Amino acid sequence: MPKSAVQAEQATQEKAAFDELSKLRERLDPIAHKILAANADLCDKTKPDIGVITQTAKSFPKELRAGARRDLGLTDDPIVVYVRPDGPGDKAGIRPGDKFFGENGIMSSSGKVFKTHLKSGLTIERERGEVREQVIFEPETKCDFGVQLKMTSAINAYANGKSIIMTAGMMNFVQSDDELAYIIGHELAHNTQSHIRKSITNYVLSLGGTRYTRKFESEADYVGIYYMERAGYDASGVEDIWRRLARMSLRPIGRAKTHPAYPSRTVQIKATREEIEAKRASGADLLPEPKEKS
């Protein structure tokens, strides 16, 4: 087997994987941001956001770093790889390939130093090519939880108290932005309701769950529907996620162990939607009112 042919095929597959990563990130980030920003007043901790993601070659496993340098133009220094359309970074003229500098050198957009600069009004400089100039941002405020994309085919999503993790498998499983918003809202609810502190990482499915998570899952379904509706997404029909999952796994249809059975989740989603519609009709604020305090 010619080594050159294997290397060429590896480069082709790496390029395809990086393209898929970029495509999924460009879909996930705007929806996640909209939900985190719309519900900032319901989160205990918030943070400034400019809608920019930086990465280094070391963001990837060692065996993929050469490909990341080749296909993504990454180096050992943080480089802008994504700018949310119409976000503060976009409006400030930030573009992929830019670098950020502060008084003490180069900065990552997700690092503490960069956040300090944003909060304190310290100087931030953008470097593009050989030109470096000061940039001024008007950050947006959102819940202080990161949203990460995990490149695995597993259909799942989970929260760990600090972040929301969405798998590529789940991204490709959902059939609309509204369904994706429901999953993000559900995981945000796990974090805001302190389910992780009271249990362990909570998964959308029963992988990794504990015997204590069923009531947490029900509450996350309830609060999560509010979160997505408050962000302008439509919860009508998002229960179809559980119907499609039921075709792939029979046991959760009739058995509730760590997570509620699929039929009860479907009925609860409908009931929550009706509750929200009633509040809208009466002019009441769309604030979730969990029936049981966890």
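Our subject is the structure listed above.
Residues numbered from 1 in each chain as written. Predicted model: local features only at pLDDT ≥ 70, side-chain atom pairs only at ≥ 80, totals over all residues. Heavy atoms only, no water.

## Section: the layout of surface pockets
For the record, the criterion: Here a cavity means grid points, on a 1 Å grid over the protein atoms only, where a 1.4 Å probe fits yet cannot get out; a pocket means an open set of points with protein on both sides within 12 Å along at least five of seven lines; lining residues are those with an atom within 4 Å of a point. Grid points are joined across faces, edges and corners, and a volume is the space filled by probe spheres set on the points. Numbered from the N terminus, helices here are DSSP runs of H or I no shorter than four residues, and strands are runs of E no shorter than two.
A volume near 1,200 Å³ is recorded for the largest pocket. I53, S110, V147, Q148 and L149 are the residues nearest the centre of the largest pocket, which is lined by 45 residues in total. When contributions to the lining of the largest pocket are tallied by element, the ones reaching two or more residues are α1 (3-38), β1 (46-49), β2 (52-55), α4 (112-120), β9 (146-150) and β11 (163-167). Sort the elements by how many residues they give to the lining of the largest pocket and α1 lands first, with eleven residues.

## Considering the packing of aromatic side chains
Note the following rule: For Phe, Tyr and Trp, where Trp contributes only its six-membered ring, two rings pair if their centres lie within 6.5 Å, and the inter-plane angle classes them as stacked under 30 degrees, edge-to-face over 60, or tilted in between. Three exposure classes are used, based on accessible area relative to the maximum for each residue type with a 1.4 Å probe and protein chains only: buried under 20%, partly exposed in between, and exposed over 50%. Cation placement over rings: the criterion is NZ of Lys or CZ of Arg within 6 Å of the ring centroid and within 35° of the ring normal.
In this structure the tally under the stated criterion is five aromatic pairs. Consider the rings of F100 and F137, whose centres lie 6.1 Å apart with planes at 80 degrees: the pair is edge-to-face. Taken together, the positions of F100 in strand β4 (residues 99-102) and F137 in the loop between β7 (131-135) and β8 (140-143) put the pair 37 residues apart, joining distant regions of the chain. With respect to class, F100 is no different from F137; both count as buried. Aromatic rings pair up to connect F100, F114 and F137 into one cluster. The ring centre of Y233 lies 4.8 Å from the NZ or CZ of K34, which sits over that ring.

## Description of the nonpolar core
What counts, and what does not: Residue types Ala, Val, Leu, Ile, Met, Phe, Trp, Tyr and Cys, when buried and joined through side-chain atoms within 4.5 Å, form a set referred to as a nonpolar core. In what follows, residue pairs with any heavy atoms lying within 4.5 Å of each other are defined as contacts.
Judged by nonpolar contacts, the single largest core of 43 residues is most densely connected at I35, M166, Y182, I184 and L188. Of all the secondary structure elements, the ones that give two or more residues to this core are α1, β11, α5 (168-173), α6 (177-192), α8 (214-230), α9 (240-246) and α11 (262-282). Setting aside residues up to four positions removed in sequence, I184 forms contacts with L28, I31, A32, I35, I164 and M166. V83, F100, L118 and I124 belong to the second-largest nonpolar core, a separate cluster that totals twelve residues.

## Considering unusual backbone geometry
Unlike most non-glycine residues, D86 shows phi in positive territory, near 65 degrees. Along the polypeptide, D86 turns up in the loop between β3 (79-83) and α3 (88-91).

## Some points on the sheet that holds β4
The following threshold applies: At least two DSSP bridges between two strands are needed for those strands to be called paired. All axes are obtained by fitting lines to C-alpha atoms, using only the stretch in contact for helices, and the reported angles, taken between N-to-C directions, cover 0 to 180 degrees.
The antiparallel open sheet is built from four strands, whose spatial order is β5-β4-β6-β7. Whereas interior strands pair on both sides, the edge strands pair on one side only; in this sheet they are β5 (105-107) and β7. Between one strand axis and the next, the sheet turns by 40 degrees as a mean value, whatever way the strands run. With five bridges joining them, strand β6 (residues 124-128) and β7 adopt antiparallel strand pairing. Considered in β7, the bridge of I124 is made with V135.

This is a description of form; function is not addressed.
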